[in-house]
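What the coordinates show
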Amino acid sequence: MASSTMGSGHSRGKRLLSAIDFGLKQDLFYPFIRKHTQFISKYQLQFLSSSANSFEINPRRTKKPDNDGSNGGTTPSDYVEDYVCNESDLQENEMKAFDMPDDSGKVLVIKQKGKITAIGSKCTHYGAPLIKGVLGDGHVRCPWHGACFNVTTGDIEDFPGLDSLPCFDVSVEDGRVKVKAHKDALKSSKIVKAMTSPCGKDSRTFVVIGGGAAGACAVETLRQEGFSGKIIMITSELALPYDRIKLSKMLDANIAKLQLREESFYKDHGIEVHTGKIVSSVNTTDKKVCLDDGSEISYSRLLVASGSRANTANQPGSELGNIFSLRTIADANSIFKVLNKESDVVIVGASFIGMEAAAYCVGKVKSVTVVGRGSVPFEPILGQEVGARIKQLFDEKGVKFCLGLDVSSFEGEDSVSRVKLSDGQVLPANVVILGIGAQPSTSFLLDSGIEMQRGAIVVNKFMESSISDVFVAGDAAYAPVFAANDRAASIGHWQLAHYHGRIAALNMVGKQTELKSVPFFWTMLFGTSVRYSGYGAGFDDIIITGDLAALSFIAHYCVGNEVVAVATVGSDPAAAKFAELLGLKKSLSKDDVKTNGSSWVNASLF
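These numbers were taken from a predicted model, which means no experiment stands behind them.

**What to know about the pairing of strand β31 (residues 477-481)**
For β31, the buried fraction is high: five of the five residues fall into the buried class. Of the pairings in the sheet, the one linking strand β29 (residues 456-458) to β31 comprises two bridges and is parallel in character. Looking across to β31, one finds that V458 is bridged to Y478. Direction of pairing for β31 relative to strand β32 (residues 487-489): antiparallel, over a ladder of three bridges. Considered in β32, the bridge of A479 is made with A489. A loop of five residues connects β31 with β32, the two strands running antiparallel in sequence, and N485 in this loop sits at a positive phi of about 55 degrees.

Set out below in structure tokens:
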């Protein structure tokens, strides 16, 4: 009898779903759903709105994700629970990691503002243990690359990465802290935040130009924050958004392994991605994006996240073959195809792209020579002493340097075979990789009326341009830098591009949110990680604590008596801690560092 009733209820539920679909179209939804909603699974019906009167059934998802990543519909055996500690074991503003039963994984338990919460223990970007990170005001910051996660919800709030952390049930019983967690969520330690689906009643179209970090983060944030209109992402590349910063470290990168999301992800969430499309202009009066194939796309609001284009050589012979810029997956793969054990590789540029490419080539080619204008690698960013120590690291690997010089010409027949330097030296070179900077990719906006500064688009704290309904994010933005007292700058950082994309999307959907940017970037060279947080442009002094020779140090970049940025090696979580200081609008003085060294790293933020 029970079985028959259940079967009847199931069939009735199906009929009701069909009827609701009809009712939606006939504006009969409200009285109907009030009467019959008890027969419909909560996972089959989603209430999604762009206004108070806009609802739809989501045909793509039959389960609503829980905040623990379980996706609902699980049995008790899918969970583990345990008393992990005594309540008194956790002090205010303290976090601890605990093993859950059956080797199912770890949870990160936090006590802040008198409340105890538990979230996933590993950063969703590259899996760093968050217990080694920094607890900020309402979030925990990753020690490796600076991503931040809300301690209550697990939501990602600063980047890199796109996924949030699962959060778990916490109860306090007789002074003991119990955590209940889903096994799958413990294992993966990441979830995708729930997203709204497109709704036919929402006639708005948001267009995103650019398929990099800013654009990818923006389109996901739009759906996560309730936007139910049409989303169109336009990218000139033939690939979906991917982890671009790996290219100079992995010239043989496989696009399938670098993609941030699968194609099905964008389809499932109603995000149209137009690959291989070139934007020729934007008509901000008629609100149209014009493509070079003659087609046009109308927008309600526009996000320009077009990134940068790599600078190219202009010396005589720069048109020869085997001279490469490095910006896209196609560039990286083209370089890899011509490398072999007999290759003499010349890298032009001694900053991040050039040095990472040089490190990749070592051991795979005959010789690697780096040509740079400065006296040491990274000199404008990291300074003389740190740059000299990094140069020593490369010297030990057999990399040759020609510093304080420029290229005067490239020579060869069809392909390059020699590079002539400004001092008359001639270097053998059958492969040349250019790492000589980049410019904002904004030429298509020259007649748009949008205010620009040295090719970047001027925006306010809400990522709004000078033209109504046009927002900007990433490398293309000339934006206030919160960590530098809102001094405007164009900064090409992977982390900052993600963050810009999120803030722009929030403001596009009407959730006014100010930009509170703290730049954070990094590089990996022969297994040595360099992390950098803050904004050190124009530094006039550097105070180094620790052991530079042993590659265990903190370099403090100062303007006057204020430390404005730090670079760290072997000193985690110092870079993350400094980012938190800046985020809290606290300062660190040069005098304090001179007197107390790096003791600030262990000092309380609260």
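**Let's talk about the packing of helix α4 (residues 213-224) against helix α10 (residues 494-508)**
One can describe the packing of α4 onto α10 by two numbers: an axis separation of 7 Å at closest approach and a directional angle of 35 degrees. Crossing geometry of α4 relative to α10 is assigned as right-handed. On the side of α4, the interface is formed by A213, A214, C217, A218, T221 and L222, while α10 contributes W494, A497, H498, G501, R502, A505, L506 and M508. Residue composition of the contact of α4 with α10, grouped by class: ten nonpolar, three polar and one charged.

**Considering α10**
Helix length check: α10 (15 residues) gives 21 Å between terminal C-alpha atoms against 21 Å at 1.5 Å per residue, within 8%. In terms of residue burial, α10 counts as a mostly covered element, since 15 of its 15 residues are buried. Looking one or two residues beyond α10, the residue adopting positive phi is G510, at roughly 90 degrees.

**Notes on the nonpolar core**
By size, the foremost hydrophobic cluster in this structure holds 98 residues, and its most contacted members are V282, V289, L302, L303 and W600. Top element by residues in this core is α10. It accounts for nine residues. Apart from residues no more than four positions distant in its own chain, L302 is found in contact with V207, I209, V282, V289, D469, V470, F471 and M508. Counting 47 residues, the second-largest nonpolar core is a separate cluster that includes I347, V431, L525 and L551.

**A closer look at the sheet that holds strand β8 (residues 156-158)**
Picture the strands of a sheet paired through backbone hydrogen bonds; they go either parallel or antiparallel. Here we have four strands laid out as an open sheet, ordered β5-β6-β7-β8, and antiparallel in their pairing. Two strands lie at the open edges of the sheet, namely β5 (134-135) and β8, each paired on one side alone. Note that strand β7 (residues 148-150) and β8 share two bridges and pair antiparallel. Across the sheet, C148 pairs through a bridge with D158, a residue of β8.

**Quick word on the confidence of the model for the protein**
Residues with a pLDDT of 70 or more make up 88% of the protein, whose mean pLDDT is 90. Scored below 50 in pLDDT, residues 1-65 shows 84 contacts in the model against residues more than four places distant or in partner chains.

**Here's the deal with the sheet that holds strand β1 (residues 79-86)**
The strand order across the open sheet formed by six strands is β1-β10-β9-β4-β3-β2, and the pairing between neighbours is antiparallel. Both edges of this open sheet fall to β1 and β2 (94-99), since each of them pairs with a single strand only. Each strand axis lies, on average, 25 degrees off the axis of its neighbour in the sheet, ignoring direction. Relative to strand β4 (residues 115-120), strand β3 (residues 106-112) runs antiparallel, the two sharing six bridges. What sits directly across from V109, in β4, is A118.

**What about the packing of aromatic side chains?**
Summed over all chains, the structure comprises ten aromatic pairs. Clustering of aromatic rings is evident, with ring pairs tying together F352, F378, F521, Y532, F539 and Y557. Between the NZ or CZ atom of K585 and the centre of the ring of F482, over which it lies, the distance is 4.4 Å.

**Let's talk about the side chain of D344**
Turning to its location among the elements, D344 is positioned in strand β20 (residues 344-348). The buried charged residue D344 lacks any salt bridge, with K366 as its nearest oppositely charged partner at 4.4 Å. Not counting residues within four places of it along the chain, the set of residues in contact with D344 comprises K366, S367, P428, A429, N430 and V431.

**Structural notes on the pattern of salt bridges**
Pairing is possible between side chains of opposite charge, provided their charged atoms come close. Under the defined criterion, the tally for this structure stands at 25 salt bridges. A salt bridge links D155 to K193; its shortest N-O distance comes to 3.4 Å. With a gap of 38 residues between them, D155 in the loop between β7 and β8 and K193 in the loop between α3 (183-188) and β11 (205-209) connect regions that are remote in the sequence. Given the relative accessible area of 26%, K193 is considered partly exposed. We note a salt bridge from K190 to D163, for which the minimum N-O separation is 4.0 Å. Of this pair, K190 sits in the loop between α3 and β11 while D163 sits in the loop between β8 and β9 (167-173), and the two are 27 residues apart along the sequence. Several salt bridges converge on common partners, so that one network encompasses D155, K193, E225 and K511.

**Let's talk about helix α11 (residues 574-583)**
Where burial is concerned, most of α11 is hidden: nine out of the ten residues are buried. Buried within α11 are the following residues: A574, A575, A576, K577, F578, A579, E580, L581 and L582. Positive backbone phi, approximately 60 degrees, marks K585, located one or two places after α11.

**Some points on the environment of D541**
For D541, the position within the fold is in strand β35 (residues 541-547). Not counting chain neighbours up to four residues away, the residues in contact with D541 comprise H556, Y557, C558 and K590. There is a polar contact of 3.3 Å between the side chain of D541 and the side chain of K590.

Conventions and cut-offs
Residues numbered from 1 in each chain as written. Predicted model: local features only at pLDDT ≥ 70, side-chain atom pairs only at ≥ 80, totals over all residues. Heavy atoms only, no water. Buried < 20%, exposed > 50% of the residue type's maximum accessible area, 1.4 Å probe, protein only. Helix = DSSP H or I, 4+ residues; strand = E, 2+ residues; numbered from the N terminus. Pairing = 2+ DSSP bridges. Axes fitted to C-alpha atoms, helices over the stretch in contact; angles between N-to-C directions. Left-handed = near helix turned anticlockwise from the far one by under 90°. Contact = heavy atoms within 4.5 Å. Nonpolar A, V, L, I, M, F, W, Y, C, P; charged D, E, K, R; others polar. Expected span 1.5 Å × (residues − 1). Core = buried A, V, L, I, M, F, W, Y, C linked by side-chain atoms within 4.5 Å. pLDDT = per-residue confidence, 0-100. Phe/Tyr/Trp six-rings, centres within 6.5 Å; stacked < 30°, edge-to-face > 60°. Lys NZ or Arg CZ within 6 Å of the ring centre and 35° of its normal. Lys, Arg positive; Asp, Glu negative; His and termini not counted. Salt bridge = Lys/Arg side-chain N within 4 Å of Asp/Glu carboxyl O. Polar contact = N/O pair within 3.5 Å; in protein donor to acceptor, adjacent residues only side chain to side chain.

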